[in-house]
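Chain residues, written in single-letter form:
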Amino acid sequence: MKNELQLIARAGSHGDAIALRSCSGSGEHSYRELLDRSAAIAAALLEDSDDLEEARIAFLAPAGFDYITVQWAIWRAGGVAVPLSLSATQPELEYALADSQSRCVIATRDTAEKVETLRIRMDLRLLLIDDVHAVGAKRLPSVDRHRRAMILYTSGTTSKPKGVVTTHANIESQIETLVEAWDWKGTDCVPLFLPLHHIHGIINVLSCALWSGAAIEAFPRFDMDIILDRVEAGVYSVFMAVPTIYVKLIQAIEALPESGRSAKIAGFARMRLMVSGSAALPASVHEKWTSLTGQELLERYGMTEIGMALANPYIGERRPGTVGQPLPRVDVRLKSETGEVVTADGEPGEIQIRGPSVFREYWNRPEVTADSFDDDWFRTGDMAMREDGYFRIMGRLSIDIIKSGGYKLSALEIEAALLDHPSISECAVVGIVDDTWGEAVAVAAVLRESEELNLEALRSWCRDRLSTYKIPKRLRVVESLPRNAMGKVTKSAVRELF
Ligand code: MLC
Ligand code: AMP
């Protein structure tokens, strides 16, 4: 049976090695089991057809055997995988299903409830993983690596999230870059606790490990106590997380009695690699982690559209507060406000990226796709400067993009949701500095006449509409929003209100 997808071909060579250890008690799974099960699900997806021909297949599964085998099944059947967020609300799920034009959704018995109403309303096929039984071998299509493979939803400067489309070739390149740079091996073991609808968890952790024949321990969410116990047990060689998690780990370790600390610290100290990314790692957190565990975190910079682009070296000096140098296969340039390519140290410019890892398009948005390129360079919207060969991120071009707990949020999307609140007539959402979350969502709101609103009531109203991390942490009720001479809301002045 011919199938060119390298992740699948490589899994064949990893054979009986352990790919996955589940912390939920469902045991261990080998690479061979992943292959057999994903072939059975692919056959069930295909039914009588030979190839899904890039049909979008959405799926909702926690990290673990079901997630991996469904993702591989969609790819092996020639479909485009659309992983849904387990923490999404009904309106958020509906948006992803409708925008991606998914025709089928795959769920487990536990997650099916979340999509049941939408499935009926949107007339989608539901495939329950638990009901798929192997029924003899079916010939799977040969999938060209330049075909579309995945759509990930990312927030940005438009009010609704955009679907970032990557091909199999893009994904393979994103993986190979990291496997080479960070020396992934079959003997590695990594915990997987990041959400699996974003690139950090999907590529940097899950796919790099499976490509290399390594073992993954999967957690349904970041569970501090269990993860610290496993770290103490010394099972992990590699650890990847967002800065918020390192802040929380420092707090948790410092809160332990002296007697309970050293074994956990030893577990971190013996790992060969600990990486931070998805948001700025404050130099103070980097230094604190080193003084606590002896580990120097490797900070890197990436984005859903480009994979990972810049990183401190695996071997060599890791500089706190910087994101290092271009990774293998990635071209990086800085473009100044006046349109010149910046070559001098200390001069700011927008980070622009070129190379085989760069995504193919925003789904169904050709104009937005065209606008986000400068010739063949992708415009990231992030500003940086070079310092003696190392890049330092200086911030984002748009104040409307917020990074909180490693999640990218659109202030405009949150504002649009809040404007549906019966008491709110106008509002402005901003990100404010927060020691744990990097940035926290804050809203200044003008209320309708004789209405009242407090933070608790607003947060509870938001719960059915916005994922937890998008719900405002701070509220200021104001008479009017600060505006400039043109009448446009000045977000920098809104920030000053908090
Ligand atoms: C949760 N809470 C927040 C919050 N998120 N408060 C403020 N800001 C936020 N962003 C609050 C909840 O309301 C709740 O409060 C409490 O924290 C616990 O919620 P939780 O959902 O259980 O949080 P927790 O599990 O601790 O989540 C923290 C986390 C999670 C850091 C593990 O945010 C996470 O997994 N982040 C990673 C996201 C990610 O993978 N990003 C990568 C994108 S790709 P209460 O009061 O109800 O207790 C990318 C490209 C690249 O960026 O370069 O990698
Ligand atoms: P996302 O769109 O969710 O993929 O998030 C990508 C964004 O995260 C980038 O455009 C940056 O703004 C931010 N980011 C990722 N890594 C870092 C880092 N190490 N330092 C600062 N910002 C980062």
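Residues numbered from 1 in each chain as written. Chains lettered and ligands numbered in written order. Predicted model: local features only at pLDDT ≥ 70, side-chain atom pairs only at ≥ 80, totals over all residues. Heavy atoms only, no water.

Novice: I keep staring at the overall build of the protein chain and nothing clicks. Help me out?
Specialist: Along the protein chain, the regular secondary structure elements total 15 helices and 27 strands. Scaling as 2.2 N^0.38, a compact globule of 498 residues should have a C-alpha radius of gyration of about 23 Å, and the protein chain matches this with 23 Å. On the principal axes, the C-alpha backbone points of the protein chain span a range of 70 × 55 × 55 Å. Sorting the 498 residues of the protein chain into buried and exposed places 58% on the buried side. Look at the contacts in the protein chain between residues 6 or more apart in sequence, and 66% of them connect residues 24 or more apart. Accessible surface computed for the protein chain: about 20,700 Å², of which carbon and sulfur atoms make up 49%. Between the mean site of the 56 positive side-chain charges and the mean site of the 69 negative ones, the protein chain shows a separation of 1 Å. (Helix = DSSP H or I, 4+ residues; strand = E, 2+ residues; numbered from the N terminus. Rg over C-alpha atoms; globule rule 2.2 N^0.38 Å. Buried < 20%, exposed > 50% of the residue type's maximum accessible area, 1.4 Å probe, protein only. Contact = heavy atoms within 4.5 Å. Areas by Shrake-Rupley, 256 points an atom, 1.4 Å probe, with all protein chains shown as cover. Lys, Arg positive; Asp, Glu negative; His and termini not counted. Charge placed at Lys NZ, Arg CZ, Asp CG, Glu CD.)

Novice: Can you help me understand empty space enclosed by the protein in this one?
Specialist: Empty space left among the atoms is revealed by rolling a probe the size of a water molecule over them. One pass over the structure, following the stated rule, counts 2 cavities of 30 Å³ or more. Estimates place the volume of the largest cavity at around 70 Å³. Lining the largest cavity are L5, Q6, L7, W75, H168, I171, E172, I175 and W211. Mapped by element, the contributors of at least two residues to the lining of the largest cavity are α1 (6-14) and α6 (168-182). No other element matches the 4 residues that α6 contributes to the lining of the largest cavity. In this model, the second largest cavity occupies a volume close to 40 Å³. As for the second largest cavity, its lining consists of M150, L152, V164, T166, I171, Q174, I199, I203 and T304. Elements represented by at least two residues in the lining of the second largest cavity include exactly β7 (148-154), β8 (162-167), α6 and α7 (199-212). The residue makeup of the lining of the second largest cavity, split by class, is 6 nonpolar, 3 polar and no charged. (1 Å grid on protein atoms, 1.4 Å probe; cavity = no way out; pocket = protein on both sides within 12 Å on 5 of 7 lines; lining within 4 Å. Points joined across faces, edges and corners; volume = space filled by probe spheres on them. Nonpolar A, V, L, I, M, F, W, Y, C, P; charged D, E, K, R; others polar.)

Novice: Mind showing me how you'd approach the site of ligand 2 here?
Specialist: Among the 15 residues in the neighbourhood of ligand 2, the closest are listed as E299, R300, T304, D382 and K403. Between ligand 2 and R300, the relevant distance is 2.7 Å, taken from a nitrogen atom to a main-chain nitrogen or oxygen of the residue. Here an oxygen atom of ligand 2 sits 2.5 Å away from a polar atom, N or O, in the side chain of D382. Protein contacts shield 94% of the accessible area of ligand 2, which totals 500 Å² for the unbound molecule. Examining the composition of the shell around ligand 2, we find that 5 residues originate from one element, strand β13 (residues 298-303), more than from any other. A per-class count over the shell around ligand 2 returns 5 nonpolar, 4 polar and 6 charged. (Near = heavy atom within 4 Å. Polar contact = N/O pair within 3.5 Å; in protein donor to acceptor, adjacent residues only side chain to side chain.)

Novice: I keep staring at the domain arrangement of the protein chain and nothing clicks. Help me out?
Specialist: It is common to give the size of an interface as the accessible area lost on bringing the parts into contact. Here the protein chain is described as being made up of domain 1 (6-182) and domain 2 (401-496). Among the residues of domain 1 in contact with domain 2, E92, S155 and S159 are the three that bury the most area, contributing 46% of the side total. Between E92 and K470 there is a salt bridge, with its nearest N and O atoms 2.8 Å apart. On the surface where domain 1 and domain 2 come into contact, there are 4 residue pairs in polar contact (both at pLDDT 80 or more). No other element matches helix α4 (residues 90-99), which puts 3 residues into the side of domain 1 that touches domain 2. (Domains from an automatic or database assignment. Buried area = accessible area lost by both parts, 1.4 Å probe. Salt bridge = Lys/Arg side-chain N within 4 Å of Asp/Glu carboxyl O.)

Novice: Any chance you could explain the packing of aromatic side chains here in plain terms?
Specialist: For any pair of aromatic rings, geometry is given as the distance between the ring centres together with the angle between the planes. Under the counting rule described, the total for this entry stands at 13 aromatic pairs. Above the face of the W461 ring, R465 is positioned so that its terminal group lies 3.9 Å from the ring centre. (Phe/Tyr/Trp six-rings, centres within 6.5 Å; stacked < 30°, edge-to-face > 60°. Lys NZ or Arg CZ within 6 Å of the ring centre and 35° of its normal.)

Novice: Any chance you could explain helix α14 (residues 455-462) here in plain terms?
Specialist: For α14, the complete set of buried residues consists of L458, R459, W461 and C462. Along the axis of α14, the buried residues cluster in a sector spanning 160°; they form a single face. Buried residues belonging to α14 abut α13 (411-418), β25 (424-434), β26 (438-447) and β27 (474-477). Two or three places before E456, at the opening of α14, N454 has a side-chain oxygen 3.3 Å from that residue's backbone nitrogen. (Arc of directions from axis to C-beta.)

Novice: It is not clear to me how the site of ligand 1 should be interpreted in this structure. Could you clarify?
Specialist: As a matter of local geometry, ligand 1 sits amid 26 residues, with S278, R300, K403, S404 and K473 nearest to it. Contact distances for ligand 1 include 3.2 Å between an oxygen atom and a backbone N or O atom of G302. Between a nitrogen atom of ligand 1 and a side-chain N or O atom of K473, the distance comes to 3.5 Å. Summarising the interface, the protein chains cover 76% of the accessible area of ligand 1, which totals 1,100 Å² for the free molecule. Elements with a contribution of two residues or more to the shell around ligand 1: α7, α9 (243-255), β13 and β23 (401-404).

Novice: Teacher, can you tell me more about the pairing of strand β12 (residues 273-276) here?
Specialist: For a regular strand, side chains alternate in direction, first toward one face of the sheet and then toward the other. Judged by which residues are buried, β12 turns out to be covered on both faces: L273 and V275 on one side and M274 and S276 on the other are all buried. With 4 bridges connecting them, strand β11 (residues 238-241) and β12 associate as parallel partners. Across the sheet, the residue bridging to M240 is V275, located in β12. Judged from the 2 bridges that link them, β12 and β13 form a sheet pairing that is parallel. From the neighbouring strand, S276 faces β13, where its bridge partner is E299. Handedness of the crossover is the feature at issue here: the chain leaves β12, passes through helix α11 (residues 283-293), returns alongside β13, and the resulting connection is right-handed. (Pairing = 2+ DSSP bridges. Right-handed = clockwise from strand over helix to strand, strands pointing away.)

Novice: Mind showing me how you'd approach unusual backbone geometry here?
Specialist: Glycine aside, a negative phi is what most residues show, and trans is what most peptide bonds show. For Q101, which is not glycine, the phi torsion reads 55° and is therefore positive. Note on placement: Q101 falls in the loop between α4 and β5 (104-107). Judged by relative accessible area, which is 41%, Q101 ranks as partly exposed. For N364, which is not a glycine, the phi torsion comes out positive at approximately 60°. Relative to the assigned elements, N364 resides in the loop between β19 (361-362) and α12 (366-371). Given the relative accessible area of 49%, N364 is considered partly exposed.

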